[in-house]
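Structural overview
Below are the chains, spelled out letter by letter.
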Amino acid sequence: MRKKVAAGLVAASVLMVSGCAGSGDAASSSADFTTKPSGELRAWGFENADDVGQSRLDFVEEELGDVKVELDATAFDAQKFTTRLASGDVPDVVQMDRQYVTTYAAQGLIMPLDECFAAHDVSPRDHWYPAVVDDVTYDDAVWAVPQFYQPPAILLNKKVLDEAGVTADQIDTSKPDVLLAAIARMYQESGGVPTRLGFDPVATGQSGLWVLGMGGRLTDDKGAPTLDDPANTAGIEMLKKITDAQGGFAAVKSFTDSFDTFGDKNQFVAGQVGAQVNAQWYPNVLSPYVDQLDLEAVPFRNADGEPFAVASGTAFVVPMGAKNPAAACAWMIGLTSDDAWMAAGEARAQTRADEGGINTGLFTGSPEPDKAIRDKWVADSGNAGFDQVISTYYDVVEYGQSFGSSPAGQEIQSELNNAVTAALLGDKSPEDALADAQQAAMRAYEKATAG
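The paragraphs below set out a description of the structure included in this document. (Residues numbered from 1 in each chain as written. Predicted model: local features only at pLDDT ≥ 70, side-chain atom pairs only at ≥ 80, totals over all residues. Heavy atoms only, no water.)

Quick look at the overall build of the protein chain now. A count of helices and strands for the protein chain gives 20 helices and 14 strands. Taken over C-alpha atoms, the radius of gyration comes to 22 Å for the protein chain, in line with the 22 Å a tight globule of 451 residues would show. Here the C-alpha coordinates of the protein chain stretch approximately 65 × 50 × 35 Å along the principal axes. Within the protein chain, the fraction of its 451 residues that count as buried is 57%. Total accessible area on the protein chain stands at roughly 18,000 Å², and carbon and sulfur atoms take up 47% of it. Counting 32 positive and 65 negative side-chain charges, the protein chain places the averaged centre of each group 1 Å from the other. (Helix = DSSP H or I, 4+ residues; strand = E, 2+ residues; numbered from the N terminus. Rg over C-alpha atoms; globule rule 2.2 N^0.38 Å. Buried < 20%, exposed > 50% of the residue type's maximum accessible area, 1.4 Å probe, protein only. Areas by Shrake-Rupley, 256 points an atom, 1.4 Å probe, with all protein chains shown as cover. Lys, Arg positive; Asp, Glu negative; His and termini not counted. Charge placed at Lys NZ, Arg CZ, Asp CG, Glu CD.)

Another point: unusual backbone geometry. Most of the time, phi is negative for any residue but glycine, and the peptide bond is trans. Even without being a glycine, Asp139 presents a positive backbone phi close to 55 degrees. Looking at the element boundaries, Asp139 is found in the loop between strand 4 (137-138) and strand 5 (141-142). A positive phi angle is found at Asp140, which is not glycine, with a value near 65 degrees.

Right, let's get into the pairing of strand 13 (residues 314-317). As defined by bridge partners, strand 3 (residues 93-97) adjoins strand 13 across 4 bridges and the pair is classed as antiparallel. Within strand 13, the residue paired with Val94 across the bridge is Val317. The sheet contact formed by strand 6 (residues 145-147) and strand 13 spans 3 bridges and is antiparallel. Counted as the bridge partner of Pro146 is Ala315 from strand 13. (Pairing = 2+ DSSP bridges.)

Quick look at the sheet that holds strand 7 (residues 152-157) now. Taken in spatial order, the 3 strands of this open sheet run 10-7-11, and their pairing is antiparallel. Sheet topology places strand 10 (275-279) and strand 11 (295-298) at the edges, where each strand pairs with a single neighbour. Between one strand axis and the next, the sheet turns by 35 degrees as a mean value, whatever way the strands run. Where strand 7 meets strand 10, 5 bridges bridge the pair, whose relative direction is antiparallel. In the strand pairing of strand 10, Leu155 is matched with Gln276. (Axes fitted to C-alpha atoms, helices over the stretch in contact; angles between N-to-C directions.)

Positionally, Arg217 belongs in the loop between helix 11 (207-213) and helix 12 (233-244). Along the primary structure Arg217 and Ile412 are separated by 195 residues, whereas in three dimensions their C-alpha atoms are 11 Å apart. If near-sequence neighbours (up to four positions away) are discounted, Arg217 is found in contact with Leu212, Thr226, Asp229 and Asn232. Here the side chain of Arg217 touches Asp229 through a polar contact of 2.9 Å, side chain to side chain. (Contact = heavy atoms within 4.5 Å. Polar contact = N/O pair within 3.5 Å; in protein donor to acceptor, adjacent residues only side chain to side chain.)

Before going further, it helps to spend a moment on the pairing of strand 3. In terms of residue burial, strand 3 counts as a mostly covered element, since 4 of its 5 residues are buried. In terms of strand pairing, strand 1 (residues 39-44) meets strand 3 through 2 bridges, oriented parallel. Bridge pairing in strand 3 places Trp44 opposite Val94.

Core analysis: the biggest nonpolar cluster contains 84 residues, and Phe76, Phe81, Met96, Val101, Tyr104 and Trp331 have the highest contact counts within it. Among the elements that line this core, the one with the most residues is helix 15 (residues 325-335), at 8 residues. Not counting residues within four places of it along the chain, the set of residues in contact with Val101 comprises Met96, Ile110, Val136, Trp143, Ala144, Ala315 and Val317. Residues Ala203, Leu209, Ala275 and Leu416 belong to the second largest nonpolar core, which totals 48 residues. (Core = buried A, V, L, I, M, F, W, Y, C linked by side-chain atoms within 4.5 Å.)

Read across the open sheet, the 5 strands follow the order 2-1-3-13-6; overall the sheet is mixed. Edge positions in the open sheet fall to strand 2 (67-72) and strand 6, since each of these has one partner strand only. Strand-to-strand twist of the sheet, defined as the mean angle between neighbouring strand axes without regard to direction, takes the value 25 degrees. Direction of pairing for strand 1 relative to strand 2: parallel, over a ladder of 6 bridges. Pairing of Gly39 across the sheet is with Val67, part of strand 2.

The next subject is the packing of aromatic side chains. Summed over the entire model, instances satisfying the criterion amount to 19 aromatic pairs. Considering the side-chain rings of Phe46 and Trp331, the 6.4 Å spacing of their centres and the 65 degrees angle between planes classify their relative orientation as edge-to-face. Residue Phe46 is found in the loop between strand 1 and helix 3 (51-63), and its partner Trp331 is found in helix 15; the two are separated by 285 residues along the sequence. This pair shows no difference in class: Phe46 is buried, exactly as Trp331 is. Here the aromatic rings of Phe76 and Phe81 are separated by 5.7 Å at their centres, their planes lie at 55 degrees, and the arrangement is tilted. Phe81 carries the same exposure label as Phe76, and that label is buried. Through a chain of ring-to-ring contacts, three or more aromatic side chains come together here, namely Trp44, Phe76, Phe81, Tyr100 and Tyr104. We note Arg84 situated over the ring of Trp44; from NZ or CZ to the ring centre the distance is 4.9 Å. When the ring centre of Tyr394 is taken as reference, the NZ or CZ atom of Arg374 above it lies at 4.3 Å. (Phe/Tyr/Trp six-rings, centres within 6.5 Å; stacked < 30°, edge-to-face > 60°. Lys NZ or Arg CZ within 6 Å of the ring centre and 35° of its normal.)

Structure representation (structure tokens):
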């Protein structure tokens, strides 16, 4: 029996499309999710489906035999989305990054899905991790069916640590003095140019992790940006200490940009890092090189010393004006059901059997499928260090926190990265950089909520 499934770029075109639209209950009355799904379903954004994606598509196709799916597998594009809606070319389902969802919810461009869940007797917070649901919750409604959650952790290159006499427990983001001392022992340079980083914090790619983990916040309870919150400086100040200890941000960024991240001479094989923040998918990239590496992992720790992670991933939405919302609802729920994820787990296990490599599991956004897939298909690899890496990611996933659901979600992330870059380069103080970022993000928020 299938288990119950739980659950921006703001351009002028968004405002044009949404001028008379609203959020909440008024929009929900425009769709009937209770009818038997049938007819044609137009879906967009499910691009480059791998074994995990294709197995789920096949599963739901069999489940919804009366629904004919027309799949546009091109990548989601924010400008194209609003243009399509303005022209009346409205898909029934769209897949997008979760940070876009609240933008479109605030503009009335997508439908709230609480009635969809109710029609199928599902409960979002009974199925997904709370942080994942928080990503797509706004104005007391859930606006999307989310999928995936790739938690970050810190990968350790044990060969480098051992050479420098550094232990895993010293790579502790809650103890800056201990961490900086370990970095200094591992860091190497030539003529002032880094040749090996003790620790790559991925300062701009993981800026939200650092700010939130060190006690900051990106939004308030209503989704308004809070980038100028004084608590946000702690994470940036720590990043500056880490990059300054390794030649400065410009030198660190130039060095990391040269990494062969997906190749045979990646930064771990080449000994270019002692430790690096990475999302859960990256160990899959490293698995072909496991015989050349000695890896372990430790959690990112918040200012209080507790493991900490942030949620991220994609989601499915139903645009306003969709012609077949009943089929859209059933299709989204089918794709993210426990049975669909188990089909995906089986497909991934078969891929690993055919192609070799280590099965690191699937991080679906839902705790029970995650556990079931791990229990059935994630076996000992014969490499204790790599198995410890896999276990670390499974351990940290429960500590996830949402970046914050905001109508200006994409702009907040973009402006935060701009602020971090300016502060780490020394062009602005952290306070000034965040103040400027707050002004830009607030302008985007006000535009998104003006209708």
